[in-house]
Structure formats: C-alpha cells, structure tokens
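An overview of the molecular structure
Each chain, letter by letter, is given below.
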Amino acid sequence: MVADLVAEGRISSPEWESAFASVPRHVFVPYFFDLDSAGRWIPVTVETTDEASWLGQVYTDRTCVTQLDGGTTPLDVQGAVEGLATSSSTEPGLMADMLEALELDDGMAVVEIGTGTGYNAALLSERLGEANVTSIEVDPKVSAEASEQLRKAGLAPRLVVGDGAVLGGPRVDRLIATCSFPTIPDAWLSMVKPGGIIITTVFTKPFGMAIVKVSVGERRGEGEFIVPGASFMETRTPPSGPVRFPDLEQIEEATERATEWNPADLFRFPVGFLAGWVLGDASFYPEFEGGWPVIIDHASDSWAAFTDGEHGHRVREGGKRRIWQAVEQILTEWQRSSVDDLSGFRYEVVSGHDGYDALGSPAIGVKWQRFRNG
C-alpha cells in the first residue's frame, strides 16, 4: 500500500513514508462495513471472511466505514443492513495528501479534530511523537475504541472527548480536521499560532465539499482548495428545527421564469459547492409534493421550485429573498472563469463579531462574502 502511494506521488517525503510503513492499519480497522449491489451495508470481520481477504481490503486505498447511525458497528449486526455512515477510516491516499500539506517539522504540536479509528492520530504520533499530538472526538464510544487500538499499536497521544469546534489550551502549530465543517470555527483561529496551518473540509449545504489549506494570522486565515470534492463525515450538530414547506398554492401563484441552470446540476462538483455557498443552511427536495423539485432556505423562509418547460428549465421563487437568482449569479461568474473546478479560487475567514467567510477568484475579479454573526 505504501509503495503504491509513493509511486502515485501521494506520499512525497521520507518522514511520512516511514510513518505509513510503521503504523499497522489493520490494528485500527479490525472490522468495517462493505456496500452490496443494493446499497446495503455488509459487516466484514475476521470471523465473517478469511484473514487474507480482510487484510487485502484494509491495505487497499479505500475508506472503511466503521459505524452507522451514530452507534452501530459491524459487531452489532448480522447480514445486510441499511443506515447512514457516521464514522470511518479514510482512504490512506487522501490522508497522505492532507498530512503532507500540513508541512510538519520535528517538534511541532498538532491538534486533530475527529479521532475516528485512531489511525490518523497514530500516523501523527509516529511522525511527531505522541506528546505533540492531541486528538478530539465527539463520540465517547468511538474515542474509547480508538484509545484501545492506539494502545495495541504502542502509542498514547492525548485523546479528548468533546466538541471539536470549541477548543482551549496552549496554542499549536497545526490543526487538521478529518470531519467536515460549514466554516472554520473562531476557536481554531485562536488555537493555531500565527504562521500556522489549518487543513479541513469545508462543506456547503446541501451539495458540496472541498478540502482547504489555510495559513493563519491574527483572527484570520487565508488559503486555497487543495482537494476539491473530497468527502468527509459532517460534524455532528443538532437539528435546526422544523422545516416550513411552501404549499402548492404558493408555488402555483408565484411568477415563473426561465433559468439556464438545471437543479440536477447541483449534484455536480463544483456547481453544488458554489450554489451552497450562497444558499446557506438550505435543503433540497428532489420530488416535493406535486412533483416539483424544491430548494428551501430556512434562514429567510424562502424557496425555489423547478419544472421543465417546452424550451428548458423553469423556476418559481417565493419568500423574503430570491435564492435561485443568487445561485444563478455565482454560477454565471464561475462559468465566465472557464475553470473546471475550484483551482485558482481563494478562501478567506475572519473571526469575531464582524467576522465573515469569503470565496474569491482573482481570475474573474469576484469575491463573495457571507457574514458569520447575523
């Protein structure tokens, strides 16, 4: 596995080659779920398959899902089950991409958000020494299991159970998150020393994710997208409350117009990521009552409903703001840039009461801001 990652250029430094070669992944993935052709999860353990097959899958560049629905592991079920993946061991190639991007030097202190199986914390501990590694996990059961696997590997970084968006303690040189956040929390910008680096996945609901590398200053950070479209588990947050749906009468009475953008395009990267940037905490319902695909923006109680007309796609909008008009603007500007992904785009974050996130493209001279506090 390590030889393949080196040959592919995913591992480029001797320090990380040594760390990946030294840390046994199978210790941290003693069991996992595999998907069958019907989209159901099949438990895979040493007991349910032969050891050679199990090891062959563990030492492949693949993500191994280890938990469903916030608690179910492969040891809890027999046969195929349905569920939502909530914890995993990320594919080693993507882990290597992110770890190399941290630009670590000996003696640096690092915080990891999302302990998961403990494999990434083990790699960091092998590279830096366990005394320089702190890993935070929101799920007590997952953290306890990771602690046991780390013990088996002979490693003992500092493990903390808690909310990774709220940090305290001494400032560190680097921070890496192996779960995704809608924005970089203010606490991270206070935790990382000026000149330090943050690597995390930023997601925009409901459609897109991308990994950013941010250089930290005082109360601010700026950087670039290094792995567009990469997917990590979303940070666990409580539901925002009941959703208010438009009724069919509202939709029928709203003014209809043509739109060049198909709502199905939102599932294509980076179209969905850019649309989510201006949609905020929105939800997409592909088959709303009456057959209308509908996007609902909870914050402004606004919506956009779509249909196909004789000459293309049609949209009707209602509520306090015209949310699809904002989506059309950002997508049109992106289309003008003639860029296939987010290369060339910059990400900026400023903390505090007047804080904001910004997405910009110097190539087209456009920057979109969204304020973090109202």
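Keep in mind the model is a prediction, meaning the values are calculated, not measured.

Here is what the cut-offs are and how they apply
- Residues numbered from 1 in each chain as written.
- Predicted model: local features only at pLDDT ≥ 70, side-chain atom pairs only at ≥ 80, totals over all residues.
- Heavy atoms only, no water.
- Core = buried A, V, L, I, M, F, W, Y, C linked by side-chain atoms within 4.5 Å.
- Buried < 20%, exposed > 50% of the residue type's maximum accessible area, 1.4 Å probe, protein only.
- Contact = heavy atoms within 4.5 Å.
- Helix = DSSP H or I, 4+ residues; strand = E, 2+ residues; numbered from the N terminus.
- Pairing = 2+ DSSP bridges.
- Right-handed = clockwise from strand over helix to strand, strands pointing away.
- Axes fitted to C-alpha atoms, helices over the stretch in contact; angles between N-to-C directions.

Observations regarding the nonpolar core
Ranked by internal contacts, the top residues of the largest apolar core, which has 52 residues, are Ile113, Trp188, Ile198, Phe225, Ile295, Trp324 and Tyr347. The contacts of Ile295, once residues within four sequence positions are left out, are Leu266, Leu279, Ala282, Ser283, Phe284, Ser302, Trp303, Ala304, Phe306, Ile323 and Trp324. The next biggest cluster of nonpolar side chains, apart from the first, holds 38 residues, and it includes Val27, Val58, Ile176 and Ile199.

Quick notes on the pairing of strand E6 (residues 133-137)
With five of five residues buried, E6 lies mostly within the body of the structure. When strand E5 (residues 110-113) meets E6, the two strands line up parallel, connected through four bridges. Looking across to E6, one finds that Val111 is bridged to Thr134. Regarding the hand of the β-α-β motif, the stretch spanning E5, helix H6 (residues 119-128) and E6 is right-handed. Inspection of the sheet shows E6 paired to strand E7 (residues 158-161) by four bridges, in the parallel sense. If you follow Thr134 over to E7, its bridge partner there is Arg158. Crossover handedness for the path E6 to helix H7 (residues 140-152) to E7: right-handed.

What to know about the sheet that holds strand E16 (residues 312-318)
An order of E12-E16-E15-E14-E13 is seen for the five strands of this open sheet, with the pairing classed as antiparallel. Only two strands of the sheet have a single neighbouring strand rather than two, namely strand E12 (256-259) and strand E13 (282-285). Looking at each pair of strands side by side, their axes are set apart by 25° on average, direction ignored. Both strand E15 (residues 302-309) and E16 contribute to a ladder of seven bridges, which runs antiparallel. Each bridged residue has a counterpart across the sheet, and for Thr307 the counterpart in E16 is Arg314. Helix-sheet contacts for helix H11 (residues 323-336) involve E12, strand E14 (294-297), E15 and E16, and the interaxial angle to E12 is about 15°.

So far we have only geometry, and geometry alone does not tell us how the molecule works.
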